[in-house]
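One-letter residues, chain by chain:
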Amino acid sequence: MTTLTFAKAINLGLRKALEQSPKVLLMGEDIGALGGVFRVTDGLQKDFGQERVVDTPLAESGIVGTAIGLALRGYRPVCEIQFDGFIFPAFDQITTQLAKMHYRSKGRLTLPVVIRVPYGGGIGAVEHHSESPEALFAHTAGLRVVSPSSPAEAFAMIQQAIASPDPVLFFEPKGRYWEKGDVDLDAAVDAPHPALDTAKVLREGTDLTLVAYGPTVQTALKAAETAAAEGTSVEVVDLRTLSPLDTATVAASVRRTGRCVVVHEAPVLYGTGAEVAARITEECFYHLEAPVLRVGGFHTPYPVAKIEHDYLPGLDRVLDAVDRSLAF
């Protein structure tokens, strides 16, 4: 085991993919000589050259459009969108071209494009730098949407995403980039499917299921630990992939516990938690002891840095939802 930051784990996962296939190439703004704003691609252009780690113009639509053309020619491009709020100029390319060409061609064309998106809050950034737009892409058929929650998951999942024949939106919780964890760099990485599509139970419990993904998984684990000190046994499920959604793992957990709380940074209204709540209500209706509750951001634009921690779902708000669920 090697202790790595979240960012370094992604870096080494990208490095491994570049080493394994000459068809893999990286594209993005300032990812080469600078190594990216968060230094996730640090050192890769130096070792693999400017033709495989490409500094692009500041034009997200052009980045994704070029990646689509490269994928049609047999390459596996990995695009970096510098910040979550910058992805919208490429929204048309992603949702009307990248997501649909495989279906339109009756399966004859594949587009193995990965779009890396640093997302979420907690870093004190300015406007348009702390968005959580994952539900917009999970709603679009033809896209895989994933979000790792730890360095070990990031190392494995970025390689699985690159190996996938499908386009993958790879949402990286930027507020966790500097957190450290153990990573087995020599472990064999499972094939992309079904490993990339499977949720994981990170902590077992009997009283309530707490569902999270990406940046809120660590918050959920802390909430479970705090609840345990108060005599409540909370099970924590990491979704890992938002589309396709592994309902079976979540439902199996809820059938055991009878209660479910979903937490994410994105606004609650029309968010991923709503889809989880609907599916669990449909599949576990006779097992539920309380309504499925959701904890997330508010239905407002992301606030200025000084008050972002009032917006983000912290430990107290998660524990409040746990208490409300147990009170039914």
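It should be noted that the structure appears before, not after, this text.
So, here's what we can say about the structure. Note that residues are indexed from 1 along each chain, following the sequence as it is written. Side-chain atom pairs in this predicted model are given and counted only at pLDDT of 80 or more, local residue features only at pLDDT of at least 70, and totals for whole chains, interfaces and linings cover all residues. Excluded from the side-chain calculations are hydrogens and water; all other atoms, namely the structure's heavy atoms, are used.

Let's shift gears to unusual backbone geometry. Look at the link from serine 243 to proline 244: it is a cis peptide, with omega at 0°. Locating proline 244 in the fold gives a position in the loop between strand S12 (241–243) and helix H10 (247–257). Despite not being glycine, lysine 106 shows a phi value in the positive range, around 55°. Although it is not a glycine, tyrosine 270 sits at a positive phi angle of roughly 60°. Among the secondary structure elements, tyrosine 270 is positioned in the loop between strand S13 (260–267) and helix H11 (272–283). For tyrosine 270, a relative accessible area of 70% puts it in the exposed group. Here a helix means four or more residues in a row that DSSP labels H or I, a strand means two or more in a row labelled E, and each is numbered from the N terminus. Each residue's exposure class comes from its accessible area (1.4 Å probe, protein chains only) as a fraction of the maximum for that residue type: buried when under 20%, exposed when over 50%, partly exposed otherwise.

Here the focus is the sheet that holds strand S9 (residues 200–203). DSSP-based pairing: two strands are paired if at least 2 bridges between them are found. Ordered by their spatial adjacency, five strands build an open sheet running S9-S11-S10-S13-S14, and the pairing between neighbours is mixed. Taken across any chain shown, the strands that pair with only one partner, and hence form the sheet edges, are S9 and strand S14 (293–297). When strand polarity is set aside, the average angle formed by the axes of neighbouring strands in this sheet is 25°. As paired strands, S13 and S14 are joined by four bridges and run parallel to one another. Here the axes come from fitting lines to C-alpha atoms, over the contacting stretch only for helices, and the angles between their N-to-C directions go from 0 to 180 degrees.

Let us now look at the side chain of arginine 15. Mapped onto the secondary structure, arginine 15 falls in helix H1 (residues 6–20). By the criterion applied in these results, polar contacts are pairs of N or O atoms within 3.5 Å in which, for protein atoms, one can donate a hydrogen and the other can accept it, and in which residues neighboring in sequence qualify only through two side-chain atoms. A distance of 2.9 Å separates the side chain of arginine 15 from the side chain of aspartate 47, its partner in a polar contact. The residues touching arginine 15, leaving out its near neighbours within four places in the chain, are Gly43, Leu44, Asp47 and Phe48. Contact criterion: two residues are considered in contact whenever any of their non-hydrogen atoms come within 4.5 Å of each other.

What follows covers the packing of helix H3 (residues 60–72) against helix H4 (residues 91–98). H4 packs onto H3 with a crossing angle of 25° between their chain directions and a minimal axis gap of 8 Å. Taken together, H3 and H4 sit at an angle that is classed as roughly parallel. For the pair formed by H3 and H4, the contact residues are Ser61, Val64, Gly65 and Ile68 on the first element and Gln93, Ile94, Gln97 and Leu98 on the second. Looking at side-chain class alone, the contact of H3 with H4 contains four nonpolar, four polar and no charged residues. Comment on the angle field: the value is read as roughly parallel under 35 degrees, roughly antiparallel over 145, roughly perpendicular from 65 to 115, and oblique elsewhere. In this count, Pro and Cys sit with the nonpolar residues alongside Ala, Val, Leu, Ile, Met, Phe, Trp and Tyr, while Asp, Glu, Lys and Arg are called charged and the others, Gly among them, polar.

This next bit is on the layout of surface pockets. Gaps left between atoms show up when a probe the size of a water molecule is rolled over them. Every definition here rests on a 1 Å grid over the protein atoms only: cavities are sets of points where a 1.4 Å probe fits but cannot get out, pockets are open sets enclosed by protein on both sides within 12 Å along at least five of seven lines, and lining residues have some atom within 4 Å of a point. Grid points are joined across faces, edges and corners, and a volume is the space filled by probe spheres set on the points. One number sums up the size of the largest pocket: a volume of about 650 Å³. For the largest pocket, the lining is made up of 29 residues, of which Ala135, Leu136, Tyr270, Gly271 and Thr272 are closest to its centre. Contributing elements (two or more residues each) for the lining of the largest pocket: helix H6 (134–138), S12, S13 and H11. Per-element accounting of the lining of the largest pocket gives the leading share, four residues, to H11. Residue classes in the lining of the largest pocket are distributed as 17 nonpolar, eight polar and four charged. Roughly 260 Å³ of internal volume is contained in the second largest pocket. Lining of the second largest pocket is provided by 16 residues; of these, Ala152, Glu153, Ala156, Ala188 and Lys200 occupy positions nearest its centre. Elements that contribute at least two residues to the lining of the second largest pocket include exactly helix H7 (151–163) and strand S8 (180–183). Here the element with the most residues in the lining of the second largest pocket is H7; it accounts for five residues.

With that out of the way, let us pick up the sheet that holds strand S7 (residues 168–173). On the basis of which strands lie adjacent, the open sheet formed by seven strands has the order S3-S2-S4-S5-S7-S6-S12 and mixed pairing. What marks the edges here is a single partner per strand, and that holds for strand S3 (53–55) and S12. Each neighbouring strand pair of the sheet contributes to a mean axis angle of 20°, computed without reference to strand direction. Relative to strand S5 (residues 114–119), strand S4 (residues 76–80) is paired through three bridges, and the arrangement is parallel. By the bridge assignment, valine 78 is partnered in S5 with valine 114.

The subject of this paragraph is H3. Compared with the 18 Å implied by 1.5 Å per residue over 13 residues, the 19 Å span of H3 between its first and last C-alpha is a close match. Considering only its buried residues, H3 is in contact with strand S2 (24–28), S4, H4, helix H5 (101–104) and S5. The length a helix should cover is 1.5 Å for every residue beyond the first.

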